[in-house]
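Architecture and fold: a report
Given next are the chains, with one letter for each unit.
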Amino acid sequence: MQARALFIAILSVFGAMCAIQFGASFAKQLFPLVGPVGTSALRVGFSALILWLVFRPWRQWPRGRHWRAISVYGSCLGGMMLLLYLAIETIPLGIAVALEFTGPLLVALLSIRRARDSLWIVLAVGGVITLLPDLSGVNALDPRGVAYALAAGGCWAGYILFGQKAGNLAPGGGTVALGMTVAALYLVPAGYVATDGALLQWQLLPLGIAVALISSAIPYSLEMIALRNMPKQTFSVMMSLEPAVAAMAGLLVLDEQLALRQWLAIGMVITASLGSTLSAKRH
């Protein structure tokens, strides 16, 4: 039974990663209609509604200082989504996620205590440098897209740190619902303004619900199943594969071809993430 539960957990993690990254690929196809800001607004707005229905946060309402942590957590969550969508508007999804992964990677690297584990820092920095744009090349990356992806990584780091604090103060899935609501409070109005009201066209609503389900509701539910049936270390190690899953999603859905050098850079980031996660766990 234990082996079966672990197998289900592994499938859940892989399914969550696929849902998030293939959802991002699907969301990118909405950009010609409402742009990355409008797409972010649709995703966050409908995700907040779905999470409220699922977790019913009013049953365990946070108090006082708890709101401060939830507000910062929600702001980081919304910023992470918006900045990633702004990034993938101009650079391939796999590269954007690899650059965004510098956020959680930095959090893991800061917990390393032994000098010999600095190898992971070298690999991570080398991978990021390899992905940085060659402004003179024919297939050069857009510097703005790179900057957005790195900024999304900063929000991801804040999401981890403040999400942990918010979860400790107000445990349960309601924290996620409230954090998503905070993100929706500033992203939905921004999306409405950015699209001149086109965000509320009825034909876009099914697409918005689909993006919210694929990119948020389904992967969050799968991750909760996984965390109940596998060690957190195993979960973290598997999540290190997310840049590769993103690259495959971009290739299959958006036909985003990557050069060998870019695949190598993504591999370096993944290896650094795996190594730093295992080293941090030992100490």
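Residues numbered from 1 in each chain as written. Predicted model: local features only at pLDDT ≥ 70, side-chain atom pairs only at ≥ 80, totals over all residues. Heavy atoms only, no water.

- Per an unreviewed UniProt entry, the protein carries the name EamA family transporter and comes from Salinivibrio costicola subsp. alcaliphilus.
- Here is the UniProt Sequence similarities (unreviewed entry) comment for the protein, exactly as written: "Belongs to the EamA transporter family." (UniProt positions renumbered as here; feature names shortened; annotations may be inferred.)

Let's talk about the overall build of the protein
- If you tally the helices and strands in the protein, you get twelve helices and zero strands.
- In the protein, which comprises 283 residues, the proportion classed as buried is 51%.
- Within the protein, contacts between residues at least 6 apart in sequence are counted, and of these 86% link residues at least 24 apart.
- Accessible surface for the protein amounts to roughly 13700 Å². Of this, 68% is attributable to carbon and sulfur atoms. (Helix = DSSP H or I, 4+ residues; strand = E, 2+ residues; numbered from the N terminus. Buried < 20%, exposed > 50% of the residue type's maximum accessible area, 1.4 Å probe, protein only. Contact = heavy atoms within 4.5 Å. Areas by Shrake-Rupley, 256 points an atom, 1.4 Å probe, with all protein chains shown as cover.)

Section: the packing of aromatic side chains
- Here the structure, examined in full by the defined rule, presents three aromatic pairs.
- Seen from their ring centres, Phe31 and Tyr85 are 5.9 Å apart, and the 65° between their planes marks the pair as edge-to-face. With Phe31 in helix H2 (residues 31-55) and Tyr85 in helix H3 (residues 66-88), the pair connects residues that are 54 residues apart, well separated along the chain. By the burial criterion, Phe31 is buried, and Tyr85 matches it.
- Between Tyr73 and Tyr159, the ring centres sit 5.5 Å apart and the planes meet at 25°, which makes this aromatic pair stacked. (Phe/Tyr/Trp six-rings, centres within 6.5 Å; stacked < 30°, edge-to-face > 60°.)

With respect to helix H8 (residues 174-194)
- The terminal C-alpha atoms of H8 lie 29 Å apart, and with 21 residues this matches the ideal 30 Å at 1.5 Å per residue to within 8%.
- The largest bend in H8 is about 35°, located at Ala184.
- All of the buried residues in H8 are Gly174, Thr175, Ala177, Leu178, Gly179, Met180, Val182, Ala183, Ala184, Leu187 and Gly191.
- Directly beyond the C-terminal end of H8, a positive phi value near 55° is found at Asp196. (Expected span 1.5 Å × (residues − 1). Bend = angle between axes of the 7 residues up to and from the residue.)

Details of the confidence of the model for the protein
- Taken residue by residue, the protein gives an average pLDDT of 80. The fraction at 70 or more is 81%.
- For the protein, the element scoring lowest by mean pLDDT is helix H10 (residues 232-239), at 68; H2 scores highest, at 90. (pLDDT = per-residue confidence, 0-100.)

Some points on the packing of H3 against helix H4 (residues 93-100)
- Interhelical geometry of H3 versus H4 gives an angle of 140° and a closest axis separation of 9 Å. If you check the angle between H3 and H4, you find them oblique. As for how H3 packs across H4, the hand of that crossing is right-handed. Side by side, H3 and H4 meet where Met80, Leu84, Ala87 and Ile88 of the first sit next to Leu93, Ala96, Val97 and Glu100 of the second.
- Here the residues of the contact of H3 with H4 sort into seven nonpolar, no polar and one charged. (Axes fitted to C-alpha atoms, helices over the stretch in contact; angles between N-to-C directions. Parallel < 35°, antiparallel > 145°, perpendicular 65-115°, else oblique. Left-handed = near helix turned anticlockwise from the far one by under 90°. Nonpolar A, V, L, I, M, F, W, Y, C, P; charged D, E, K, R; others polar.)

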